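Listed here are the chains, written in short residue letters.
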Number of protein chains: 2
Amino acid sequence: MKFIGFAMLLATSLCFAQDSADFKPATSNVLDAQYPQVDSSSRVQIRFKAPDATKVKLNFWSGPKADMEKQADGFWTFTTPAMAPGLHYYTINVDGAEVSDPASTAYFGGSKWASAVEVPEAGADYYLPKDVPHGQVRQVWYHSSVTGAWRDAFVYLPPDYDNSKARYPVLYLQHGGGEDETGWVRQGKANFILDNLIAGGNTKPMIIVMANGYATRAGYVVPDLTGKPFGSPEFMKVMQERMGAFEDDMVQVLIPFIDKTFRTISDRDHRAMAGLSMGGMQTFQVTFDHLDMFSYIGGFSGAANVFAMGNNKFDTKTAFNGAMADPAAFAKRVHLLWIGVGTKEPERMKTGLEALHTALDEGKIQHVFYESPGTDHEWQTWRRDLKDFAPRLFQSSGQQSAAAHGM
Amino acid sequence: MKFIGFAMLLATSLCFAQDSADFKPATSNVLDAQYPQVDSSSRVQIRFKAPDATKVKLNFWSGPKADMEKQADGFWTFTTPAMAPGLHYYTINVDGAEVSDPASTAYFGGSKWASAVEVPEAGADYYLPKDVPHGQVRQVWYHSSVTGAWRDAFVYLPPDYDNSKARYPVLYLQHGGGEDETGWVRQGKANFILDNLIAGGNTKPMIIVMANGYATRAGYVVPDLTGKPFGSPEFMKVMQERMGAFEDDMVQVLIPFIDKTFRTISDRDHRAMAGLSMGGMQTFQVTFDHLDMFSYIGGFSGAANVFAMGNNKFDTKTAFNGAMADPAAFAKRVHLLWIGVGTKEPERMKTGLEALHTALDEGKIQHVFYESPGTDHEWQTWRRDLKDFAPRLFQSSGQQSAAAHGM
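Since this is a predicted model, take the numbers as computed values, not measurements.

Asker: I'm lost on the nonpolar core in this one. Help?
Answerer: Counting 44 residues, the largest nonpolar core has A:Phe48, A:Val94, B:Phe48 and B:Val94 as its most contacted members. When sequence neighbours within four positions are dropped, the list of residues in contact with A:Val94 reads A:Phe48, A:Ala50, A:Ala53, A:Lys55, A:Val56, A:Val99, B:Val94 and B:Ala97.

Structure representation (structure tokens):
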């Protein structure tokens, strides 16, 4: 953890705290929890009970990192400067133990059930439940011949699904590294975003499948990764195994299961895939390995292996076994290639995605490059991504085929 | 917290730890977490990183409470004696901060996202995913005119629901105090229990609705309950408001929404309600206030207000506005009155439920009294309750009417 800037943050927060008058419990709190609180200037107050602790530090993963101040009642407090809108993961370090705040709803991120605080975005209600027809989110279980185990997935069905005989196109939508299949609904509000987009009439009703991005082939035993960080040879070997097993499970088991279980339109013109961060990498791997199955591709703060590109400039003539070598043919085959990044994301992330965007431009590869203003490698970026991405799906050949299928 | 017996536990654990050889990561761990571990003798090892802490205590809510031992690597460890089977909630106290173990899946209990460790029950697989048809669990949203807000519920649909035109009976199944609508699937495995029971042919396919047991009427502002424990006048006033609002929401909004949304059989002969602990109290309140709507009633470690009964013996002649005054008429009207308790539950809980059972016997009120051997006020008791309760539902008049409805 970096505590750079802590002194400045603390000074700022003390000044701000003087004139605050409208702090209210965050919508991300558990029932009856009075803290965290957020005010109309998007400042956040955290309060944490640790009467016998020597040192308590607040750790917003993409935000303030600071020592909390001990109060006489055994609680430790901190007030942040104004924060970007959206859901911000955080943990609290109590005498060396990195733990969650029991006052917060727990969200699976960073490979644990972490805390997060929801900072509202003024004027933005596209991800809130509104008075429109609501789709259902179904948890389904399937036995995977690839992993040799039962797996689950979450499936969003559009509002009219149960009252219609129509068949629907499908978007496979993946979470990020350290997250799981619950992320897109619980953190991302994907269901409310789609409910609102569909009610607005600008987005085709579609099925969204959210699978668990971690898989290992039957018989594979994951080694103990304690002390083996991201990037270490041991970690990367496991990651590679998992990427391959995930791809096989998705293509060989999950997609057939979904097509059998739901009223899908099961051709490539009606199948999209997108994902955030690690899920974006998985999306590029799976879709370009199987262009016979997908025609819409989205990378949200992650696309191809942008980290591995550092020294090898992305070359549209040779990338993905030449899939992009002929730009016109590619544009005809892939109806949408979409890449997004938040303008406040870490430099390495932004640079990688901008380089990909530039390379695609230079190679005359038709694509969309979306920048989310003022947001970091966090869920507000990905909510906006989905809001921009979903209305572009299944509009071209999709529309025609959908009509042919009686939609 | 009570630390009685800690010295004895510690001594026991040190002895046990010597001969352990088969500790394995618990199935309740998050991905890749090596601890907690459970061995074939049902002992549990907890390991928690807190390098700078002075004191770290382990708090199984219905189990060992003990000081953990600091190791040279900054981790604190503890090994329990053999524990009862099932899912055991726990938290860890780090220098006065009561927090969750980041290595554990978080389960909503005790009004926070707590840790828990799953201890397998030898020979029991009725709550595990097996090679049988699986039902889906759907999350649905509805706007409540009672609460003035959007609420969600989880709905189990039996395996054949989507491939049939049949209508199904409905069980409303409630979580306990401090838990929420996610509990019966995530902790209770209600969906797998029903999948297995239905596959065995002994249980009618049914819909199960799991709602959030907390509600407040539109406009009501919950006061700050910090420092107002269960039983305090302030807490009880809020609880009463919530019980009433929950009842109104369920009867006026949720049930009509479910009957409109799913293919239910919407008469009283095909509607059951059960709940655990607080959910059992809610079940007795809702069903006896609305016997025109329900004919199957289950109280799992909670039924009527057993706490309030202490000085007022339960009198079947006057209870529930005389609903039981005529035992024969009651037996005809209520097809099942079911009460369950674990034999290791706290004395107050056991005594209350046994007194109710005795009073029902003395009043000649037909009912089932089930005792779960060796389990406490925990989820293994309630899993067993559901396993005993569900096959008794919709078998009598239910069966005939179901046939009439073309099932």
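Asker: Honestly, the sheet that holds strand β7 (residues 75-79) of chain B in this entry has me stumped. Any pointers?
Answerer: Note on sheets: strands pair through backbone hydrogen bonds, and any given pair is parallel or antiparallel. Residue and element names in this part refer to chain B. Reading across from one edge, β1-β2-β3-β7-β6 is the order of the five strands in this open sheet, with antiparallel pairing throughout. Looking at strand neighbours, the two that pair on one side only are β1 (24-25) and β6 (69-70), the edges of this open sheet. Sheet topology note: the strand β2 (residues 37-38)/strand β3 (residues 44-49) ladder contains two bridges and is antiparallel. The residue bridging Val38 from the neighbouring strand is Val44, located in β3.

Asker: I keep staring at the packing of aromatic side chains and nothing clicks. Help me out?
Answerer: Describing an aromatic ring pair means giving the distance of the ring centres and the angle of the ring planes. All names here are of chain A. Scanning all chains against the criterion turns up 45 aromatic pairs over all chains. Considering the side-chain rings of Phe284 and Phe320, the 6.1 Å spacing of their centres and the 40 degrees angle between planes classify their relative orientation as tilted. Of this pair, Phe284 sits in helix α5 (residues 278-289) while Phe320 sits in helix α6 (residues 319-322); the two residues are 36 residues apart in sequence, bridging distant segments of the chain. Given the relative accessible area of 2%, Phe284 is considered buried. Judged by its relative accessible area of 22%, Phe320 is partly exposed.

Asker: What's the story with the pairing of β7(B) in this structure? I'm lost.
Answerer: Within a regular strand, side chains alternate between the sheet's two faces. All names here are of chain B. Counting buried positions along β7 yields four of five residues, so the element is predominantly enclosed. One ladder, built from five bridges, connects β3 with β7; its direction is antiparallel. Within β7, the position partnered with Gln45 by the bridge is Thr79. Looking at chain direction, β6 and β7 are connected through two bridges and run antiparallel. In the strand pairing of β7, Lys70 is matched with Trp76.

Asker: Quick question: what am I supposed to make of the interface of chain A and chain B here?
Answerer: How big an interface is tends to be reported as the loss of accessible area on association of its parts. Tallying the contact residues gives 51 residues for chain A and 51 residues for chain B. Between chain A and chain B, roughly 3700 Å² of surface is buried when both sides are summed, and carbon and sulfur atoms account for 61% of that area. When the buried surface of chain A facing chain B is broken down by residue, A:Trp113, A:Trp141 and A:Trp150 rank first, second and third, together holding 17% of it. Our count for the chain A to chain B interface comes out at four salt bridges. Where B:Asp162 meets A:Arg138, a salt bridge forms, and the shortest distance between an N and an O atom there is 2.9 Å. Seen at the junction of chain A and chain B, the total is 12 residue pairs in polar contact (both at pLDDT 80 or more). Elements with a contribution of two residues or more to the side of chain A that touches chain B: β3 (44-49), β9 (97-99), β11 (112-119), β12 (136-144), α2 (183-186), α3 (190-199) and α4 (233-261) of chain A. At six residues, the largest contribution of residues to the side of chain A that touches chain B is made by β12(A). In this structure, β12(A) lies alongside strand β12 (residues 136-144) of chain B, joined through three bridges in antiparallel fashion.

Each value, and the rule that gives it
- Residues numbered from 1 in each chain as written.
- Chains lettered and ligands numbered in written order.
- Predicted model: local features only at pLDDT ≥ 70, side-chain atom pairs only at ≥ 80, totals over all residues.
- Heavy atoms only, no water.
- Core = buried A, V, L, I, M, F, W, Y, C linked by side-chain atoms within 4.5 Å.
- Buried < 20%, exposed > 50% of the residue type's maximum accessible area, 1.4 Å probe, protein only.
- Contact = heavy atoms within 4.5 Å.
- Pairing = 2+ DSSP bridges.
- Helix = DSSP H or I, 4+ residues; strand = E, 2+ residues; numbered from the N terminus.
- Phe/Tyr/Trp six-rings, centres within 6.5 Å; stacked < 30°, edge-to-face > 60°.
- Buried area = accessible area lost by both parts, 1.4 Å probe.
- Salt bridge = Lys/Arg side-chain N within 4 Å of Asp/Glu carboxyl O.
- Polar contact = N/O pair within 3.5 Å; in protein donor to acceptor, adjacent residues only side chain to side chain.

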